[in-house]
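Topology and contacts: notes
If you want the building blocks of each chain, they are given just below.
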Amino acid sequence: MADATARSPNEADSAPYYVELRRLNFFYGEKQAIYDVSLGVPKNRVLALIGPSGCGKSTLIKAVNRISELTPGTRTEGDILVGGESILAANVNTIELRQRVGMVFQKPNPFPKSIYENVAYGLRIHGVRDKATLDGVVEWALRHSALWDEVKDRLKASALDLSGGQQQRLCIARALAVQPDVLLMDEPCSALDPIATGKIEDLIQTLREDYTILIVTHNMQQAARVSDHTALMWMGKLIEHNRTEEVFTNPREKITEDYITGRSG
């Protein structure tokens, strides 16, 4: 097995990392799910996490906004930095952290509320009551999630009436509304048809101008299309991390080559 610390350089950028994992270990009770992972993502870049089911990809990105801690009995060792600051420090407010680091899950999970209230939800939780402010942010977020033109005339309609692809873009709008710095996407297209998937991929290309994005995907073609860098996870360990073009055309590790060509995993 490859040495994760030695095999995880990011050769694509000289810029400092905006999200950085330093010798991260994560445990569910006595079971270790992440082993000594170190990697970084520069600002306004997209990192794709690939690897077989159960290899630790989702656990890793959920650690970046500490959602993983909501499972009883978990433990984190090492450090995670966002914007140069440790998010594991004792004085970190996790509610504020999850505002800075938004999350979009595998299956669209709109609230049983109107389209408008789904997007405004986070703002209301943070005390925003002014209607003009809410209206402006809702429109802004829906535009930035490429959904405004499709729903602007039915904002009071139930979000549950939207198609699967629209629901996922609504969830992205909901995350954007609270103005995060980082977006975490856990298999955001796995439940979508090819047309809806294409819209989400196009959206990721636009969002990278303003956000640092970590995306988990089983789709090798998707990773190649949307990401700047790719990291292969295997049994909780980081096998390879490099520019996406290098990972797919000139992988360093045989296990990487076997996985991306379909010979393993």
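Residues numbered from 1 in each chain as written. Predicted model: local features only at pLDDT ≥ 70, side-chain atom pairs only at ≥ 80, totals over all residues. Heavy atoms only, no water.

A look at the packing of helix H6 (residues 164-176) against helix H7 (residues 194-207)
Where we set the bar: Axis geometry follows a simple rule: fit a line to the C-alpha atoms, using only the stretch in contact for helices, then measure angles between N-to-C directions, giving values from 0 to 180 degrees. In this text, helices come from DSSP runs of H or I with a minimum length of four residues, and strands from runs of E with a minimum of two, each type numbered from the N-terminal end. By definition in this entry, angles of less than 35 degrees are roughly parallel, angles greater than 145 are roughly antiparallel, angles of 65 to 115 are roughly perpendicular, and the rest are oblique. By definition, turning the near helix anticlockwise from the far helix through less than a right angle yields a left-handed crossing, and turning it clockwise yields a right-handed one. We call two residues in contact when some of their heavy atoms are within 4.5 Å. Lys, Arg, Asp and Glu make up the charged group, whereas Ala, Val, Leu, Ile, Met, Phe, Trp, Tyr, Cys and Pro make up the nonpolar group; the residues left over, Gly among them, are polar.
The geometry of H6 relative to H7 is characterised by a closest axis approach of 9 Å and an angle of 20 degrees between their N-to-C directions. Considered as vectors, H6 and H7 are oriented roughly parallel to each other. Taken as a pair, H6 and H7 cross one another with a handedness that is right-handed. Contact residues: Gly165, Gln168, Arg169, Ile172 and Leu176 in H6; Ala196, Lys199, Ile200, Leu203 and Leu207 in H7. Taken together, the residues of the contact of H6 with H7 sort by class into 6 nonpolar, 2 polar and 2 charged.

Section: the state of the cysteines
Formally: Cysteine sulfur atoms that come within 2.5 Å of each other are treated as a disulfide pair. Accessible area is worked out with a 1.4 Å probe on protein chains only. A residue is then buried under 20% of its type maximum, exposed over 50%, and partly exposed in between.
All chains considered together, the criterion is met by 0 disulfides. Here cysteine 171 stays unpaired: no disulfide links it, and the sulfur of cysteine 189, its closest cysteine neighbor, is 12 Å away. Since its relative accessible area comes to 7%, cysteine 189 is described here as buried.

Thoughts on the environment of glycine 78
The topology assignment puts glycine 78 in strand E4 (residues 74-82). Between the C-alpha atom of glycine 78 and that of aspartate 36, which follows or precedes it by 42 residues, the distance is 7.8 Å.

Side note on the pattern of salt bridges
The test is simple: Here a salt bridge means any side-chain nitrogen of Lys or Arg lying within 4 Å of a carboxyl oxygen belonging to Asp or Glu.
Across all of its chains, the model carries 14 salt bridges by this definition. A salt bridge links arginine 225 to glutamate 201, with the shortest nitrogen-to-oxygen separation between them at 2.7 Å. One end of the pair, arginine 225, is in helix H8 (residues 220-226); the other, glutamate 201, is in helix H7, and 24 residues separate them in sequence. Overall, glutamate 201 belongs to the buried group, its relative accessible area being 9%. Salt-bridge contacts for glutamate 246 lead to arginine 243; the nearest nitrogen and oxygen are separated by 3.8 Å. Overall, the relative accessible area of 34% leaves arginine 243 in the partly exposed class. Beyond isolated ion pairs, a larger network of salt bridges with shared partners links Glu150, Arg169 and Lys199.

Describing the sheet that holds strand E3 (residues 46-50)
Condition: Criterion used throughout: strands pair if DSSP finds at least two bridges between them.
Spatially, the 6 strands line up as an open sheet ordered E6-E7-E8-E3-E9-E10, and their pairing is mixed. Both outer strands of the open sheet, strand E6 (101-104) and strand E10 (237-243), are each paired with one neighbouring strand and no more. Each strand of the sheet is rotated relative to its neighbour by a mean of 15 degrees, with strand direction disregarded. Where strand E7 (residues 182-186) and strand E8 (residues 212-216) come together, 5 bridges link them in parallel fashion. Considered in E8, the bridge of methionine 185 is made with isoleucine 215.

Here we look at the sheet that holds strand E2 (residues 31-42)
Spatially, E2-E1-E4-E5 is the arrangement adopted by the 4 strands of the open sheet, whose pairing is antiparallel. Of all the strands in the sheet, just E2 and strand E5 (85-86) have a single pairing partner and so form its edges. With 8 bridges connecting them, strand E1 (residues 17-28) and E2 associate as antiparallel partners. Bridge pairing in E2 links leucine 21 to leucine 39.

These figures come from the coordinates and say nothing about function on their own.
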